[in-house]
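Results of the structural survey
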Amino acid sequence: MGGSLANVNGSKAKFNEYRSIGNGLESSLDLTYRDQEKYLDLSAILGMSNATTANQDRSTGNELLLKTGTKDYKFDLFYKEVPHNLTFGALTYLDGVGTATLTKAAPTSIPTLSSYTKSFDYGYLRKNYGVEAEVLFNSPYFVNVKVDRTEVNGLTPFAVSTALSEVPAPINNATTNIITQVGYRTPQLIAVFDASLSKFQNDYDKFSTWLSTYSSTSGYTYYQPYYAYEAADNDSYRISASVTYKLPSVKSTLMLKASRSLMQSDLVLYDNTTRLSGTGSVPSFTTPFDWKGRITYTTANASLSSKINDKLSTKLFVNYLNKSNDNPEGLTYGSSSYTTDAFDYSKRNAGLEANYKINPKNTVSAGYEYLGLKRSVREDAPKTDDNTVFVQVKNSSLDWLTGKIRYQYLTRSSDNVLGAEHANDATSATVTSSSLYFAQFTQPADTANKKQHAIKIGFDFEPTDNTTFGVEYAFKYDDFTKNYLGMLNAKRNELYVDATYTKGIAKFTAYGDLEVVNSFARYRQ
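Parameters and conventions
Residues numbered from 1 in each chain as written. Predicted model: local features only at pLDDT ≥ 70, side-chain atom pairs only at ≥ 80, totals over all residues. Heavy atoms only, no water. Helix = DSSP H or I, 4+ residues; strand = E, 2+ residues; numbered from the N terminus. Contact = heavy atoms within 4.5 Å. Polar contact = N/O pair within 3.5 Å; in protein donor to acceptor, adjacent residues only side chain to side chain. Core = buried A, V, L, I, M, F, W, Y, C linked by side-chain atoms within 4.5 Å. Buried < 20%, exposed > 50% of the residue type's maximum accessible area, 1.4 Å probe, protein only. Pairing = 2+ DSSP bridges. Salt bridge = Lys/Arg side-chain N within 4 Å of Asp/Glu carboxyl O. Patch = residues over 30% accessible without salt bridge, like charges linked within 9 Å, V, L, I, M, F, W, Y side chains within 5 Å. Areas by Shrake-Rupley, 256 points an atom, 1.4 Å probe, with all protein chains shown as cover.

On to the environment of Thr299. Secondary-structure assignment places Thr299 in strand β16 (residues 289-307). With 23 residues separating them in the primary sequence, Thr299 and Asn322 have C-alpha atoms 6.5 Å apart. Apart from residues lying up to four places away in sequence, Thr299 is in contact with Lys257, Ala258, Ser259, Tyr320 and Leu321. Of the polar contacts made by the side chain of Thr299, one reaches the side chain of Ser259; its length is 2.4 Å.

Structurally, Asn85 is set in strand β5 (residues 73-92). Side-chain polar atoms of Asn85 contact the backbone oxygen of Asn16, separated by 2.5 Å.

Judged by nonpolar contacts, Tyr93, Leu94, Leu102, Phe158, Val160, Val167, Ala169, Phe207, Trp210, Tyr226 and Ala228 together constitute the single largest core of 11 residues. For this core, the elements supplying multiple residues, two or more each, are β8 (166-185), β10 (206-215) and β11 (219-229). Every residue in contact with Val167, bar those within four places of it in the chain, is listed here: Leu94, Leu102, Tyr122, Thr156, Pro157, Phe158, Val160, Phe207 and Thr209.

Glancing now at the pairing of strand β6 (residues 118-135). The sheet contact formed by β5 and β6 spans 17 bridges and is antiparallel. Residue Tyr79 lies in a different strand from β6, and its bridge partner there is Tyr129. Connecting the antiparallel pair β6 and strand β7 (residues 141-159) is a turn made up of five residues, with Phe137 showing a positive phi of about 60 degrees.

For the coordinates displayed, the defined rule picks out 17 salt bridges. The salt bridge partner of Lys38 is Asp35, with a shortest N-O separation of 3.2 Å. Exposure remark for Lys38: the relative accessible area of 40% places this residue in the partly exposed category. Glu151 is paired through a salt bridge with Arg149; the nearest N and O atoms lie 2.9 Å apart. The exposure class assigned to Arg149 is partly exposed, which follows from its relative accessible area of 25%.

Take a nonpolar patch on the surface next. Judged by side-chain polarity, Val391, Val393, Ile405, Tyr407, Ile455, Ile457 and Phe459 come together as a nonpolar surface patch covering roughly 510 Å² of accessible area. Within the residue set of the nonpolar patch, elements represented by two or more residues are β22 (383-398), β23 (401-414) and β24 (450-464). Top contributing element to the nonpolar patch by residue count: β24, with three residues. By the element assignment, Ile455 lies in strand β24. Assessed through its relative accessible area of 35%, Ile455 is described here as partly exposed.

Once that is clear, we can look at the side chain of Asp76. Residue position: Asp76 is located in strand β5. Within the local environment of Asp76, its side chain forms a polar contact with the side chain of Lys67, the two groups lying 3.1 Å apart. Contact partners of Asp76, with chain neighbours within four places excluded, come to Leu66, Lys67, Thr68, Gly130, Val131 and Glu132.

Further remarks concern the pairing of strand β26 (residues 486-503). Regular strands have side chains that alternate between both faces of the sheet. Sheet analysis places strand β25 (residues 467-479) next to β26, joined by 13 bridges and oriented antiparallel. Bridged to Glu472 within β26 is Tyr496. Where β25 hands over to β26, the hairpin turn is made up of six residues, counted between the paired strands.

Okay, structure coming up:
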């Protein structure tokens, strides 16, 4: 148990940005118990202080951590508070600070400096607590369950428009996570099934405030009610299964994994340009639009790592990812209708790597990798295929020096559907003004057909047991083979250096990176 006396001159919020030091008491408890069958660890911090904190919250960073278990089970319980103080004694002309409705005494008048009479504190308190339990059944089978919740409450600066209008936005949200894991574990086989749920709830997904209107002739003329939006309520679900199996007949490990996740949100949007009332203290709008977002990810992964003999090892891998975007593409916002594009894609990736030890000090590596992407919306490149080969040599003949050199060659093929569709626009009288016609002669650099040569040379020095240095140089040359306009080629030279010094429990690291890019492009005039 202890106490503190504090007299802060200057910014009290900055002094107590992530803490609450003032005049008060603090007590702590640490308890540890061990025997051959069970253990118990308990630590707690409880403080009472008169320190100024945002919104007069008196949290001093209370903490509780409990860990206990035997060979058959494990149990953890935790609680932690972290304040984040931003500004004390801020002023505003608005009433209702800390609620979802900010009002003005004189709704349409322009506030003057004398109107800023309401004082408040910017900042918020984050609380995280939960439990985790694992049951081992004294067998290869195990079950793990974790439930935690994070709550955030306070006020944060919020810019409601490009008119440099800042208002105190209320924060009161909570994230609840539930994670379950069931599995089987032996030295040869590990099989695990996971399921998780994350739920975000925001009491202030929107709040009403006031926004000034501005014209170049009249300046700021009057204020109107306005809805501002924070993060919407959303849910995330995920299931996955994985298997790791060590093949008994050869020195190989097979890993398989698949997952599917869903993220969805619900947000009600109001058209701020079609207010039914412009003078009341609470906004009133026409029919809202209920935006329901939904995105699904599906993944599958497989790899086989083998040690053929003492000199040769290999790895074969296949990866798949698909993003499905089911967000609405058409919406009515106030009196207008709009169309948006929902972007989704799929990715296929496969490769083979081999490492051969010529001797204990020299290793040669080589490999091939394929990456295929299919995209929606991108008519200029709905599909790209990358093929990459590499070879690498690594040498560690000196105990204090390791060097390696790597060469990589990549080819990318891209389907320019947009250019093909408008290739015949040359017969049209509007060809000179048609950017779609010229799509056949150019593609964006991120998806264009290209060939790439890359070389990387690196050295790691360890002159003493506690000092290391690293230097690495990389060169890349991109040749955009089917671009007649736009980016034609690019050269990149990069130098990276780092140093690390260790003394006891302290570790000091310094690093620097320099990259020079020279690009050549051709454009129409």
